[in-house]
Amino acid sequence: MRLINTSTLTLTSFLLPVSLLPPYAILSHTWSPSPDDEVTFQEFISLPPHELEKKKEKGYAKIKHTCHRAKKSGIEWAWVDTCCIDKSSSAELTEAINSMWGWYRGATVCFAVLEDLEPVERELKGVGGNGQGRGQKQKRNGNGKWNGQGQEQNGKNSGDKRWEGKDGGSNVGSSRSNVSAATTGSGTGTGSATSSQTQAGRMDHLSHDEKVARFKSCRWFTRGWTLQELIAPSRMGFYNSKWEFVGEKSSLKHVLAEITQINESVLENSALLPTIPVAQRMSWASSRVTTRPEDMAYCLLGIFDVQIPLLYGEGEKAFIRLQEEIVKETNDFSLFAWKTDRKSGTQHQKHWGILAPSPKEFASCRDIVNWGNTLYNAECLITSKGLRFTPASGDGLRSGSSRFKETEGTYILDLGCYHRSEKGMAIGVFLQQHGSDLYCRVMPESLPMWPTGPGQQPQLRKSRVFYITKTVSPVASTMLGTSHWWAFNLSQVFRAMAEINFRPKHDQFRPEESWDGERKLFLSQGSRNFQCCAVFVTTRKDGLGALRILVWCRLYLVHGGEEEAQASVKVEFDPPIEGKTDSDGFVGCKGRVIRDIYEGQQVFKVEVEATTSKSTSTPSLVFKMLD
């Protein structure tokens, strides 16, 4: 880490962990719309100060102001991102971005300059000449009180270079918790105490709504990188366009929380970040922007305590990699509670992955709360096939149509979280199966919610391992729309079995990973020669056990000039005893398979004609149709 000597304005490299670095001040700012206004590392070490003053007036002024205020506070070192990182080195840039959170958190103080925050010009009312007005500058004594004389009395001030730890010795790491208010600019050592105190006092006399309006209009609150720069520092002072002190983060926390929707407790103590659901943390960045699309992911690394390699040029894929890294570190399923905007123009795409395209999709997650400890959620792993979920006992995918209208053919994944405004209502996402235990997200513009009371949950459908695609492009979405091509449609079989009181046995659909119970389809995708079986059961009235009807389907793909599919169906009894169901009744079945169209794709429709009679007959009939 390179630091600027606040006296000589020269750079020095420190190969030390943050906890062993000397006390340093750090700058939080927004880059000029024209990058040429900022001072680069190469320019800072090669150009003399007078040339920097002339060629880089705005950028160099920020560096000088930072060093000036740090020096006045007795801090020998400062860090400014524009000139302390050699951005021509990809290795150094990667290290710096992955270390940024630690650097801001480890700083003695952070100076946040809002370059478009204009000074409060109006005269304060109610400030008398006796020095007792709220805007009057006052100083504190050794007990933390201000004596009104313009100087701090007794005790250690921020200019004291001896930072004592708990053992009475020198301890750089502990120094950061003993910084006085003077360090941020609210006391002496700010370089312009009178002016700053006046602005802080005037700001203090504004109503809450007036403060929010002034701060919210600043560009600083719209940029991606300043999010972690707001949360990480333990001490932070805000400055207006004239570098006049306007308040500390601690005194402005109500204003900052309303603007950013960040919990006040997190603004006071960033160590509480892991207690905040992932989706809620993502929502803080939903309205922020970065110049480069990759930075929208990189600026959030510290918020989620993860590291990823930097690959500029990958675009929005960086945000997918960020989410993959989060999945590796936590079982917090609120990560999947994002929604697409109905007005975004993306509704033409039917199928989606489980990972969000960008932070914008988390805008509605500001009040997301997890039900309990996320460690007990289903296991989730990143694989080449998608995210692999291993449900806990008694849990899994649930039926969408069992609870919600117009959701036929969908499943629900319970995310284990809820909206604070909708307490008692569980949240999930809609999924659709595409064969071989593979699912994707559908209807991403809405999240199913249901009461959590007894008997209120959607019906459990599958409790086995399943996969959900990570991402789905528009082209891939079109391909997934054909995943039921040459499927076996058993809808009519279910109706026929119901007429003779045979019920489906849900754990006997083989192969189970290919059975889509919501659409009554056996999905054959991924298999050149596919065979499946559905079992229907009835109990004999004489109490001598149960009778099962097995419906076997088989598919052959014939490759030639044009791919053709051939199918057959066979109906048989188990045990094979002439289909006897009770003392005086018999069941007879005939089966056939015909080609049909389902949701725009060719499928094989399986039909079974089932009858009951008192006369014995051959119950098993095989019908084979080759087109």
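Since we're looking at a predicted model, the values are computed, not measured. (Residues numbered from 1 in each chain as written. Predicted model: local features only at pLDDT ≥ 70, side-chain atom pairs only at ≥ 80, totals over all residues. Heavy atoms only, no water.)

A. Representation of the overall build of the protein in the model. Assigned secondary structure in the protein consists of 17 helices and 30 strands. Across the 627 residues in the protein, those meeting the buried criterion constitute 51%. Within the protein, residue pairs in contact and separated by at least 24 positions form 65% of the contacts whose partners lie at least 6 positions apart. (Helix = DSSP H or I, 4+ residues; strand = E, 2+ residues; numbered from the N terminus. Buried < 20%, exposed > 50% of the residue type's maximum accessible area, 1.4 Å probe, protein only. Contact = heavy atoms within 4.5 Å.)

B. Highlighting the pattern of salt bridges. One pass over the structure, following the stated rule, counts 22 salt bridges. Lys-64 serves as the salt-bridge partner of Glu-53, at 2.4 Å between the closest nitrogen and oxygen. Residue Glu-53 is found in helix H2 (residues 49-55), and its partner Lys-64 is found in helix H3 (residues 57-72); the two are separated by eleven residues along the sequence. Judged by its relative accessible area of 35%, Glu-53 is partly exposed. For the salt bridge of Glu-314 with Arg-321, the shortest nitrogen-to-oxygen distance reads 2.5 Å. By sharing partners, the salt bridges in this structure join Asp-437, Arg-464, Glu-512 and Glu-513 into a single network. (Salt bridge = Lys/Arg side-chain N within 4 Å of Asp/Glu carboxyl O.)

C. Molecular detail of the packing of aromatic side chains. Summed over all chains, the structure comprises 30 aromatic pairs. Ring centres of Tyr-439 and Phe-466 lie 5.9 Å apart, and the angle between their planes is 80°; this geometry places the pair in the edge-to-face category. Here Tyr-439, found in strand E16 (residues 438-442), pairs with Phe-466, found in strand E19 (residues 466-468); they are 27 residues apart in sequence, far enough to count as distant. Here the aromatic residues Phe-333, Phe-336, Phe-389, Tyr-411, Tyr-439 and Phe-466 are joined through ring pairs into a cluster of three or more. The ring of Tyr-467 carries the charged tip of Lys-385 above its face, separated from the ring centre by 4.6 Å. (Phe/Tyr/Trp six-rings, centres within 6.5 Å; stacked < 30°, edge-to-face > 60°. Lys NZ or Arg CZ within 6 Å of the ring centre and 35° of its normal.)

D. Geometry of the UniProt feature "signal peptide" (unreviewed entry) in the protein. Here, UniProt's "signal peptide" (unreviewed entry) annotation points to residues 1-20. Helix makes up 0% of residues 1-20 and strand 35%. Its end C-alpha atoms lie 12 Å apart. (UniProt positions renumbered as here; feature names shortened; annotations may be inferred.)

E. Main features of the nonpolar core. Tyr-24, Trp-79, Phe-215, Phe-238, Met-282, Leu-300 and Phe-336 are the most contacted members of the largest nonpolar core, which has 118 residues in total. Counting residues per element, this core draws most heavily on helix H5 (residues 90-106), which supplies seven residues. With 33 residues, the next largest nonpolar core counts Phe-530, Leu-557, Ala-565 and Cys-589 among its residues. (Core = buried A, V, L, I, M, F, W, Y, C linked by side-chain atoms within 4.5 Å.)

F. Broad picture of the environment of Thr-290. When you line up the elements, Thr-290 lands in the loop between helix H12 (278-283) and helix H13 (295-298). Setting aside anything within four residues of it in sequence, one finds Thr-290 in contact with Arg-223, Gly-224, Asp-295, Met-296 and Cys-299. Among the polar contacts listed, one links the side chain of Thr-290 to the backbone oxygen of Arg-292, at a separation of 2.7 Å. (Polar contact = N/O pair within 3.5 Å; in protein donor to acceptor, adjacent residues only side chain to side chain.)

G. Just the sheet that holds strand E1 (residues 2-5), in detail. The strand order across the open sheet built from seven strands is E2-E1-E4-E3-E5-E6-E7, with neighbouring strands paired in mixed fashion. Whereas interior strands pair on both sides, the edge strands pair on one side only; in this sheet they are strand E2 (11-13) and strand E7 (245-248). Across this sheet, the average inter-strand angle for adjacent strands is 30°, counted without regard to direction. Strand direction decides the pairing type here: strand E5 (residues 109-113) and strand E6 (residues 236-239), joined by four bridges, are parallel. (Pairing = 2+ DSSP bridges. Axes fitted to C-alpha atoms, helices over the stretch in contact; angles between N-to-C directions.)

H. Structural detail: the environment of Lys-423. With respect to the helices, strands and loops of the structure, Lys-423 is situated in the loop between strand E14 (417-419) and strand E15 (425-433). For Lys-423, a relative accessible area of 67% translates into the label exposed. With 55 residues separating them along the chain, Lys-423 and Ile-368 place their C-alpha atoms 9.9 Å apart.

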